[in-house]
Amino acid sequence: MEQCNQPERRDWAAWHDAYDDPGSALARRLRTVQQRLREAVDAAPPGRIRAISLCAGQGRDLIGALRDHPRRDDLVGRLVELDPANVRLAGRAARDAGLKRVSAVVGDASRTDAYAGAVPADVVMVCGVFGNIRDADIERTIGLLPQLCAPGAFVVWTRNRKAPDITPRIRGWFAEHDFEECWISPPEERAFGVGVHRFTGTPQPFRPGVRMFTFVGYDVLRNGSPWPT
Ligand SMILES: C[S@@+](CC[C@H](N)C(=O)[O-])C[C@H]1O[C@@H](n2cnc3c(N)ncnc32)[C@H](O)[C@@H]1O
């Protein structure tokens, strides 16, 4: 399997441990994402709901949010994640939750190939991604989402609000690509940003083999060095 474009040294399974502390910023972010995701699924038209998650980790957002949702049996999902340990946990969690048509796969979420056969999606999760890639790649990824989105698709995304807060620019890029803003977390919540955008444009033909981003890692971005110690 082709790996992501640069070596990743973080322990991305351990990164999820902060979710287990209900008072942590990550746990608060998770509750927000889950609530917004439930609302997006509430609003989905009757019938099959296709969902994809980019860099899905252990899938805590989607699986946790939808395990008890009335539309859970309509859900067909693909969670794409590079770390096999996270994929195993996500797969087990989906099975335990009875989400029979949600699969977790080891794959490079940065390439459109990862979504062949799973798109156009009605729900696209881009959580824990925008803080780990360069600004130009955020813009590029948003520009490619019309290849992954069905008409009216909801995109649930996150990005920290550390200075300089680039969530206003992210919202601008969504607007440029025909996404209407449905919800944005209040700026008083400094620890994280969560947004929901709805695709109002015309879906673009899906092209496999396109790189959307390079997953650099937030620690590397902050240090400015591609080789953290
Ligand atoms: C910050 S975590 C976010 C996990 C999950 N989306 C969440 O919000 O809970 C980023 C995840 O991206 C994964 N990852 C990094 N590069 C990737 C790539 N090229 N393709 C798929 N997953 C990747 C990491 O293994 C890690 O689990």
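Above this note sits the structure.
Residues numbered from 1 in each chain as written. Predicted model: local features only at pLDDT ≥ 70, side-chain atom pairs only at ≥ 80, totals over all residues. Heavy atoms only, no water.

### Things to note about the sheet that holds strand 2 (residues 75–81)
Reading across from one edge, 3-2-1-4-5-7-6 is the order of the seven strands in this open sheet, with mixed pairing throughout. Single-partner strands in this sheet number two, and they are strand 3 (102–106) and strand 6 (179–184). Direction aside, neighbouring strands of the sheet carry axes that sit 15° apart on average. With respect to the sheet, helix 1 (residues 25–43) is in contact with strand 1 (49–54), strand 4 (121–126), strand 5 (149–159), strand 6 and strand 7 (193–199), its orientation differing from that of strand 7 by roughly 15°. (Pairing = 2+ DSSP bridges. Helix = DSSP H or I, 4+ residues; strand = E, 2+ residues; numbered from the N terminus. Axes fitted to C-alpha atoms, helices over the stretch in contact; angles between N-to-C directions. Contact = heavy atoms within 4.5 Å.)

### Re the packing of aromatic side chains
Enumeration over the complete set of coordinates arrives at eight aromatic pairs. A ring pair is formed by Trp12 and Tyr218, whose centres lie 6.1 Å apart and whose planes are at 70°; its orientation type is edge-to-face. With Trp12 in the segment before helix 1 and Tyr218 in helix 6 (residues 218–223), this residue pair connects regions lying 206 residues apart in the sequence. Between the aromatic rings of Phe174 and Phe179, the centroid separation amounts to 5.2 Å while the plane-to-plane angle is 80°, which identifies the pairing as edge-to-face. Residue Phe174 shares its accessibility class with Phe179, and that shared class is buried. Three or more aromatic residues joined by ring pairs make a cluster, and in this case those are Trp12, Trp15, Tyr19, Phe215 and Tyr218. The ring of Trp12 has Arg10 sitting right over it, with the charged end atom 5.4 Å from the ring centre. Positioned above the aromatic ring of Trp183 is the side chain of Arg36, whose terminal nitrogen or guanidinium carbon lies 4.0 Å from the ring centre. (Phe/Tyr/Trp six-rings, centres within 6.5 Å; stacked < 30°, edge-to-face > 60°. Buried < 20%, exposed > 50% of the residue type's maximum accessible area, 1.4 Å probe, protein only. Lys NZ or Arg CZ within 6 Å of the ring centre and 35° of its normal.)

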